[in-house]
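A look at the structure
What follows is the residue order along each chain.
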Amino acid sequence: MSFNSDASSPSTSAAATTRDWIFPSYSFIHSPQNVHRTARRRRFSSYRHPTSQFNSAAASFQQRAAGDDSKSVSSSISKSRRRHFEFGNYEKSTRLLDDGLDGGGGEGIMSNDDAVSSEKYELKEAKVTATEKSFSGFLRGRLRVRCQLAFTVAILITVLSSLIHKNFSLHKEVTELQDKISKLNVSLKLCNLLDSIDIHNSSPEDIPVDELPSKSLKIAALAVSIMLLSLPFFFLKYVDYVSNSRRLLDNNTEEVSLNKQLAYRVDVFLSVTPYAKPLALLVATLLLICLGGLALYGVTDDSLADSLWLSWTYVADSGNHANSEGIGPRLVSVSISFGGMLIFAMMLGLVSDAISEKFDSLRKGRSEVVERNHTLILGWSDKLGSLLNQLAIANESLGGGTVVVMAERDKEEMELDIAKMEFDFRGTSVICRSGSPLILADLKKVSVSKARAIIVLAEDGNADQSDARALRTVLSLTGVKEGLRGHIVVELSDLDNEVLVKLVGGELVETVVAHDVIGRLMIQCARQPGLAQIWEDILGFENCEFYIKRWSQLDGMQFEDVLISFPEAIPCGVKVASRGGKIILNPEDSYVLQEGDEVLVIAEDDDTYSPSDLPMVWRGNLPKDEVIQKSFERILLCGWRRDMEDMIMVLDAFLADGSELWMFNEVPEKERERKLTDGGLDIDRLVNIKLVNREGNAVIRRHLESLPLESFDSILILADESVEDSAIQADSRSLATLLLIRDIQAKRLPYREALVSQVHRGSFSQGSWIGEMQQASDKSVIISEILDPRTKNLLSMSKISDYVLSNELVSMALAMVAEDRQINDVLEELFAEEGNELHIRGADLYLHEGEELSFYEILLRARQRREIVIGYRLADTEKAVINPSAKNERRKWSLKDVFVVIAEKE
């Protein structure tokens, strides 16, 4: 059957319905006119599409159904199903025809080679075209999604605007009805029908036209508020779209997307800018108030100012929106109240974080110290307790002071450790801060430029590392831009590093070498028992100490007269202005004070002394002009220190020719010589002493028994280098060595000599083991280097050793130099090998037995020996008196008394 105009409408007969009239006949396919048609043209021929046939059939069915009302619904349904079946048959036949054309089933049709080639070429061309359009189709798809999303948002905005406009229209109608009611009320009142009604509102005609709100302006305000609210949404979508487009077009995966860049910029702004969070909160609040005010102005009859104020009330109190009437005002007020709740939550979080951060900074010691003329201590060590005690005593006369401690420790731990210290701060405030002295920001935090003195403590541990850190701290201090008002006192562990620190710090730095000071004190105390207690009195602020002050009324006076011019002080030297401020200890009597000279004295405090009129003092003569000769000595050093070579050189300068220095420690003899040589000691150039090496452990009894302990004049027990990092362990070792040496000495004393002595010391009897050790202590002097102050009580109670409390003495020296840096020159001369030093002299050098003399008279007699008497110790007492009062009063003296003097080294 051919496709012609007659086939447009299928026959309704049974034969027509059963025939597959859609598929073309065999004669039509193999006709000569259709041989040269290509497969694509046969596939898409001029056949009428079955869809149109189906539609025409449906139209015919509807006409028949409309024309014949008596036909049943079932007949119509059956015919419709038949039409659907015919449409399905058409699809099947078309599919079969295509398969035959593609597979070569029709030999007559596919006989032409040109037609086949054209068919393959068109298929390849179609595939290439589909591949080229795949990517552009993907982009068009995403654009289509974006357009649909934008269209949806536009519809939502339009609906919302229409609702608001509808609400406004209803509100307008209500207003018009109220105007009509008002007119009717006026009319009724004129007719005396409503006398009881009080008309308060005037008629609409009385209201000026310019007072009515502009409707167009309100609509514009509403539109602006909606646009501003929609801008962030569209902006974020645009950023996301741009980022995705760049990612698709650019194959470089390392490029950061635009939204990530914006997020990074926001993070940087919030983290770098100090007040970014409060500023963002303020901007958000103002935007919410402005947008809410515009929206309220658009949906209400209020003015713009009233709308802004009403918006602020909704933001400040979310419950105020309950009085709103109408859909539009309620919707806007709820939105503003919701935004206000979010802003309040953000503000609450910011305030909470700020308070927590502030308390955390206070707890951890990160807040700034606002002080002036305070003492700054950098670092933490076991000397801190003694140092704070001395500074508190020094500041007592001023009503207390301020001491700031900064260390790399937690603030709470430092405050807890300071609270455990058992001493009175005497009105001095101690402020702790956590920080590093190597960081300029931390130094500024403790007001380093306004401090009157800065003390740098040496760390416990390795000496070289400690001094290196002290050097870096000095470099940081000298780098403060504001400059330093006070001086720097640096505690060093090794004398070799002193030159480098002074080179870096210049005139600002004063150094106290702890090991060198203790070593020299131990040597002086070993040669002169009892000198340690005198040094504690002079260095500490509890009794008398050094002070330097100018007195103009003393200008032109000889130093001999200056000595007796201070009833409450003892002059010791002069700071000569003409020699650049150099301090001269124990000057000649004929020296005349010049203008600008200052007097160095030993006094109880800087405000307790002043010059007075010269008293009448009888000089007298010395009982004998005796020159003290040095005698042969044998000294034992137990333990090893890093500055052993310095101690050996000092002993070689102090001791007489032919003296012996025994060294007993665990260091091998060859290694000792190497260490001493590396330290700069030439053993062959020692003049007065001879070195004797013994190897052994000082806490093992059999090793100590191999030594002639009873033959030594002095024994120095050093804090061994191997345990000096732990004060308790070092003191335990020194105490054990002391007890073993004293016990061995007591066992070696002759028995008859022990019976002769009947002296009782304290509460210990002569038969006790401590009593035997006390007898042995009369034969030799033992000096123990003690690091922990708690060990002091054990030795002082037993009285078996003349101890040296090293950490406490170093702390005293640091505090004294911090209070007055000029005192450091005095201490350096007193500790040096040359110059003046403290001595303990017998009374027989200055007086006769039972002679009555005043302290001034003894002072002038000592000047004949070029000595300055600063105190005395009576025979029946254990403690020396420095700077005695009532210097003009006479008293009887015994030859067993001793005097403390400043004299040149012998």
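Residues numbered from 1 in each chain as written. Predicted model: local features only at pLDDT ≥ 70, side-chain atom pairs only at ≥ 80, totals over all residues. Heavy atoms only, no water.

You'll find the protein chain entered in an unreviewed UniProt entry as Ion channel CASTOR isoform X1, with Sesamum indicum given as the organism. Quoted verbatim from the Subcellular location (unreviewed entry) heading of the UniProt record, the comment on the protein chain is "Membrane". Per UniProt, the comment on the protein chain under Sequence similarities (unreviewed entry) is "Belongs to the castor/pollux (TC 1.A.1.23) family." (UniProt positions renumbered as here; feature names shortened; annotations may be inferred.)

The next point concerns the environment of L787. Within the fold, L787 resides in the loop between strand 15 (781–786) and helix 26 (790–798). For L787, a relative accessible area of 10% corresponds to the buried category. Distance in space between the C-alpha atoms of L787 and V804 is 8.8 Å, their sequence separation being 17 residues. Residues contacting L787, with those up to four places away along its chain left out, are A719, E724, A727, A730, D731, S806 and N807. (Helix = DSSP H or I, 4+ residues; strand = E, 2+ residues; numbered from the N terminus. Buried < 20%, exposed > 50% of the residue type's maximum accessible area, 1.4 Å probe, protein only. Contact = heavy atoms within 4.5 Å.)

This next bit is on the UniProt feature "transmembrane region" (unreviewed entry) in the protein chain. Annotation from UniProt places "transmembrane region" (unreviewed entry) at residues 143–164, 219–239 and 279–299. In this annotation, residues 219–239 is assigned 100% helix and 0% strand; the end-to-end C-alpha distance for the span is 30 Å.

On average, residues of the protein chain score 77 in pLDDT, and 75% of them are at 70 or above. Mean pLDDT across the elements of the protein chain bottoms out in helix 1 (residues 14–18) (39) and peaks in strand 4 (residues 453–456) (96). With pLDDT under 50 throughout, residues 1–23 is counted as low confidence; its partners more than four residues away or in other chains account for 31 contacts. Confidence drops under pLDDT 50 across residues 751–767; counting only partners more than four residues distant or on other chains, this segment forms 20 contacts. (pLDDT = per-residue confidence, 0-100.)

This model, assessed by the stated rule, comprises 31 salt bridges. The residue E413 makes a salt bridge to R409 at a minimum N-O spacing of 3.8 Å. With relative accessibility at 42%, the residue E413 sits in the partly exposed group. Judged by its relative accessible area of 24%, R409 falls in the partly exposed class. Taking the shortest distance from any N to any O, the salt bridge between E666 and R733 comes out at 2.9 Å. With E666 in the loop between strand 12 (659–665) and helix 21 (669–678) and R733 in helix 23 (residues 727–748), this pair connects stretches of sequence that are 67 residues apart. A cluster of three or more residues bridged by salt bridges with shared partners is formed by E671, R674, K675 and D678. (Salt bridge = Lys/Arg side-chain N within 4 Å of Asp/Glu carboxyl O.)

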